[in-house]
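Coordinate inspection notes
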Amino acid sequence: MLTIIEINDPGAVLKSKGFIENPNRPGSWGKYDGPNGRFREYWRLDKAELGKPGWRGQDHVHHYGSKQHLDPNTPFDPDAPYPGTPSP
């Protein structure tokens, strides 16, 4: 189900779906389900930096480790498999 993740409290939805916040990057949420048990980023918030141009000056999100900048209101499916993950 597509959900808009609240940027001021992303853990409210993400924790209930088994995600954890990356201990090395605040605002990055994912799971240790990648090859060799590595952390895979599913959803990340980049907070705006005051006075910066472009996306650096706007709150935005990234889905699935992508470099693509998305509006914080972009729906995210926390139940979807990580792209490129083979089906069992």
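Below you will find a few notes about this structure. (Residues numbered from 1 in each chain as written. Predicted model: local features only at pLDDT ≥ 70, side-chain atom pairs only at ≥ 80, totals over all residues. Heavy atoms only, no water.)

1. Regarding the nonpolar core
General note: in soluble globular proteins, nonpolar side chains tend to be found buried as a group. Ile5, Ile7, Leu14, Phe19, Trp29, Tyr42, Trp43, Leu45, Val61, Leu70, Phe76 and Tyr82 together form the largest nonpolar core, which totals twelve residues. The biggest single contributor to this core is strand β3 (residues 40-46), with three residues. (Core = buried A, V, L, I, M, F, W, Y, C linked by side-chain atoms within 4.5 Å. Buried < 20%, exposed > 50% of the residue type's maximum accessible area, 1.4 Å probe, protein only. Helix = DSSP H or I, 4+ residues; strand = E, 2+ residues; numbered from the N terminus.)

2. Quick word on the environment of Pro72
Within the fold, Pro72 resides in the segment after β4 (60-63). The exposure class of Pro72 is buried, given its relative accessible area of 16%. Each C-alpha atom, one on Pro72 and one on Glu6, is 8.0 Å from the other, the two residues being 66 residues apart in sequence. Each residue touching Pro72, except ones within four places of it in the same chain, is listed here: Ile4, Ile5, Ile7, Asp59, His60 and Val61. (Contact = heavy atoms within 4.5 Å.)

3. Here we look at the pairing of strand β2 (residues 28-31)
Note that strand β1 (residues 20-21) and β2 share two bridges and pair antiparallel. Counted as the bridge partner of Ile20 is Gly30 from β2. Linkage of β1 to β2, two consecutive antiparallel strands, is achieved through a turn of six residues, within which Gly27 is found at a positive phi near 90°. Pairing of β2 with β3, which is carried by four bridges, proceeds in the antiparallel orientation. Looking at the pairing, Gly30 lines up with Glu41 of β3. (Pairing = 2+ DSSP bridges.)

4. Here's the deal with the pattern of salt bridges
Scanning the entire structure with this criterion turns up five salt bridges. The salt bridge partner of Lys17 is Asp79, with a shortest N-O separation of 3.2 Å. Taken together, the residues Lys17 in the loop between α1 (11-14) and β1 and Asp79 in the segment after β4 connect sequence positions 62 residues apart. Since its relative accessible area comes to 34%, Lys17 is described here as partly exposed. Close ionic contact of Arg44 with Glu41 constitutes a salt bridge, the shortest N to O distance being 2.9 Å. (Salt bridge = Lys/Arg side-chain N within 4 Å of Asp/Glu carboxyl O.)

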